Protein chains: 2
Amino acid sequence: MENENFSELIQQLLEERKFTRLRSILLEMMPIDIAMLFDEFPEDDLPLIYRILPKELAAEVFACLDSDSQEQLILAFSDKELRIVLDQMYVDDTVDLIEEMPATVVKRILAHTPPEKRQSINEILKYPDDSAGSMMTTEYIDLRRDMTVSEAFEKIRRVGVDKETIYTCYVKDRNRHLLGVITVKTLLLAPSDAIIEDLMDTNIICVDTFEDKEVVAKMFDKYDFLALPVVDKENRLVGIITVDDAMDVIQEETTEDFEKMAAIMPSEGEYLKTSVFKHAKSRIVWLLFLMLTATFTGMIITQYEAAFTSLPILVAFVPMIMGTGGNSGSQSATMIIRGLSIDEISLGDFFKVFLKEAGVGVLCGTVLAVVNGIRVYLTADEHDLYLTIVLGITLIMTVLIAKILGCVLPMVAKLLHLDPALMAGPLVTTITDTCSVLLYFLIASSMANMFGVPLI
Amino acid sequence: MENENFSELIQQLLEERKFTRLRSILLEMMPIDIAMLFDEFPEDDLPLIYRILPKELAAEVFACLDSDSQEQLILAFSDKELRIVLDQMYVDDTVDLIEEMPATVVKRILAHTPPEKRQSINEILKYPDDSAGSMMTTEYIDLRRDMTVSEAFEKIRRVGVDKETIYTCYVKDRNRHLLGVITVKTLLLAPSDAIIEDLMDTNIICVDTFEDKEVVAKMFDKYDFLALPVVDKENRLVGIITVDDAMDVIQEETTEDFEKMAAIMPSEGEYLKTSVFKHAKSRIVWLLFLMLTATFTGMIITQYEAAFTSLPILVAFVPMIMGTGGNSGSQSATMIIRGLSIDEISLGDFFKVFLKEAGVGVLCGTVLAVVNGIRVYLTADEHDLYLTIVLGITLIMTVLIAKILGCVLPMVAKLLHLDPALMAGPLVTTITDTCSVLLYFLIASSMANMFGVPLI
């Protein structure tokens, strides 16, 4: 669908007050698509068009809206409208909503939330932002182990409409300890008088409330679960996490990795909605740090002033050496950081990785040295053999150093429980720059005599 | 669990032939964990330990093994064993298996696959590697629209055990056209004599067999589906894609983006299992290209030989300018590429993005110019005002150019239907280098007179 034109059509129908036509169009759309359309709307029109939707769809759409639109709507809602929406929303979505709203709006939301739901919300709100507890919902189906399959189905039918997922059910004892897990598939394929205890899976994979979000998301990726139970320190079931939330975390964490690897301090919020000032703030710290670090490279160059004033062409190759070192280092750092993040590489593989990168460094360095040598040999006016050899050695060593730094730094970060993504391209490049420029001038001056090049 | 020690324990039990103990340990593990353990094992022990597992679990583990272990096992299997595994495996897993095996093994696999499954496999194999068709499975539950809920449950009970998901069922007409979708949740919450046609959802989101994998994965992320129907050109239902496969695609595509953005040609296969030669091959092309491109920057420097031989300190700032430009450009390119990839930014936002980046560029550039100015003013022996001003202007303009290139290049790539990830850090850096060095020397030489600096 042509988004631009479609949005205009809706706008036009709204202006012409053709609500029946508008409603029938919206009814054929998915809630998230309606929400994305609404987010583009002028704020004043929002309550009007929102009220065209039937109650249930409206609540679903509300949960998908961005926080600005949600706030706008809540301010326009009557108490009754607010109660209807809050009643329909899942606990985890309500928590997300509360986290984004200003205090006065939060007060109003809590005032219109039924007491038992309010308790669940407060429960979830107390977990740290990046923990499993903050991702979970308390709306799951629990069964008793002595139920029959048909009793289980009765319970599912009775309470299922309010639960985020009904396909995985949890079996608890009196003390809320998790005894087993059973899927609706197992229930459907079993005879109706079978006992839950005999059918349930007791090899339970669950996570602690304080487990890191990223670890939780990786478990979904690995085990292909639809839902994962969350337990507290006493192994009592407190909630579940569903696969759709895990997918969102994977996307968020990946974005954060991309940002860190490009020397940006991770920021929340969408690109277009973040102000220029905020964008600048999240980028300037690393830029400043790296700029001051690059000063070392400059200081090294000043040491060799005499060398390059007597043979100025030496300077012409500095960008090429720095660029190649930086690119080689970024390649390795990226491979290793990604490998660590998807568990393809672990700290135990340190030596394997080191040897591999060293090998790749020598291979790539040699190819680059040869190609560059041919180019220099063909184009340089004088000292071509000297330059070819100096540059060749420098290139091989630079690429080797870059590849080694690119794999060692992220792994050392991991060892120190820092985020490997911080050791990406920009930092590796800056360190490589210093090493490669130093090497270059060292090699150039020490070989000058050998080739009878008049370097001071 | 301590992976290292655990693996040793298993090895020891195997050597001591304590199969009962071994079996009871394995039975408490998830199939994927058993598979990861087996992948570490010496190839010769693999068939032995595999045969300890009960049939069904064995087949599940087999589907999770890496292709080397799978091949090893197939070679050791009797025809009967092979048939059992193939019988238990889902069609999409079998397709993945076939794609990795050598021709002789494929022949043997197909010979022991039941005819109707073989047909489905051949169907899927004919779709291109990165299409929805290649991701799908043909094992879904289809219902007729005139069935009652209890008839539907009967069918699910009858055929469900072989289906990859039973939770979303598909309603087709006689010509296999998709009429509607219905979830087991809806079925469970409906009265048993209700008719499917009245319950099913007819707002169907489906994908074409030739749709790009990445687009499919994004749809899962957006709509929070558990399964998505795949239709052919005539709108006939040919298969479904499940959320676990979508998650794998998201991870693969992200890895590919990371690689492309670090100037690596995407390669398949895990890091540790790829040879040094292959790693080098996927990295050398971009390194060569970028090295030769960096020559332009070198050529510019040679043009200003006279300038820097008369004021050598000018050269000392080249690394700092190049580094800052490169880092600034990488930051923008990364933000924009990621934004485009998760649909936070679209081509229609071009001017908004351009202005934002330009603003960020001026802000960051100014801060850097001031900090650098203070440093130079405090440390330089002579010409400090001249250097402060020249470097200040150069820094602001360099950061501005880098930020603009960093947002324009990925968006232009997208416009030309190229992958924006190709326009990442390394390329932006190389182009920025050339511009910034040129600018630097231009500004330095044109302002020399003004400050009475003896530049030739």
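Anything mentioned here points back to the structure above.
A few points on the structure. This one's a predicted model, so the numbers in the text were calculated from it and none came from an experiment. (Residues numbered from 1 in each chain as written. Chains lettered and ligands numbered in written order. Predicted model: local features only at pLDDT ≥ 70, side-chain atom pairs only at ≥ 80, totals over all residues. Heavy atoms only, no water.)

**Brief notes about the packing of aromatic side chains**
Residue and element names in this part refer to chain A.
Then, number 1: This model, assessed by the stated rule, comprises 19 aromatic pairs over all chains.
Then, number 2: Seen from their ring centres, phenylalanine 62 and phenylalanine 77 are 5.8 Å apart, and the 40° between their planes marks the pair as tilted. Pair noted here: phenylalanine 62 is in helix α5 (residues 55-64) and phenylalanine 77 is in the loop between α6 (67-76) and α7 (79-88), with a separation of 15 residues, a long-range link. In this structure, phenylalanine 62 and phenylalanine 77 share a single accessibility class: buried.
Then, number 3: Three or more aromatic residues joined by ring pairs form one cluster here, namely Tyr50, Phe62 and Phe77. (Phe/Tyr/Trp six-rings, centres within 6.5 Å; stacked < 30°, edge-to-face > 60°. Helix = DSSP H or I, 4+ residues; strand = E, 2+ residues; numbered from the N terminus. Buried < 20%, exposed > 50% of the residue type's maximum accessible area, 1.4 Å probe, protein only.)

**Here we look at the sheet that holds strand β1 (residues 141-143) of chain B**
All names here are of chain B.
Then, number 1: Sheet architecture is open: 3 strands sit in the order β1-β2-β3, paired in mixed fashion. Of all the strands in the sheet, just β1 and β3 (178-183) have a single pairing partner and so form its edges. Along the sheet, successive strands turn relative to each other by an average axial angle of 35°, direction set aside.
Then, number 2: On the sheet, helix α12 (residues 149-159) packs against β1 and β2 (168-172) and is oriented at approximately 155° with respect to β1. (Pairing = 2+ DSSP bridges. Axes fitted to C-alpha atoms, helices over the stretch in contact; angles between N-to-C directions. Contact = heavy atoms within 4.5 Å.)

**Concerning a negative patch on the surface**
Then, number 1: On the surface, a cluster of negative charge is contributed by Asp96(A), Glu99(A), Glu100(A), Asp129(A), Asp130(A), Asp212(A) and Glu268(A).
Then, number 2: Examined against the element boundaries, Asp212(A) turns out to sit in the loop between β4 (207-208) and α15 (213-223). (Patch = residues over 30% accessible without salt bridge, like charges linked within 9 Å, V, L, I, M, F, W, Y side chains within 5 Å. Areas by Shrake-Rupley, 256 points an atom, 1.4 Å probe, with all protein chains shown as cover. Salt bridge = Lys/Arg side-chain N within 4 Å of Asp/Glu carboxyl O. Lys, Arg positive; Asp, Glu negative; His and termini not counted. Charge placed at Lys NZ, Arg CZ, Asp CG, Glu CD.)

**Notes on the relation of the copies chain A and chain B**
Then, number 1: For the match of chain A to chain B, the screw axis carries a shift of 0.0 Å, the RMSD comes to 0.1 Å, and the turn is 180°. The transformation relating the two chain copies, once decomposed into turn and shift, fits a two-fold axis. For chain A, the minimum C-alpha distance to the rotation axis belongs to Thr309(A) and amounts to 2.5 Å.
Then, number 2: Of all interface residues in chain A, 100% are interface residues in chain B too; the two copies therefore contact each other through one and the same surface. (Least-squares fit on C-alpha atoms with pLDDT ≥ 70 in both.)

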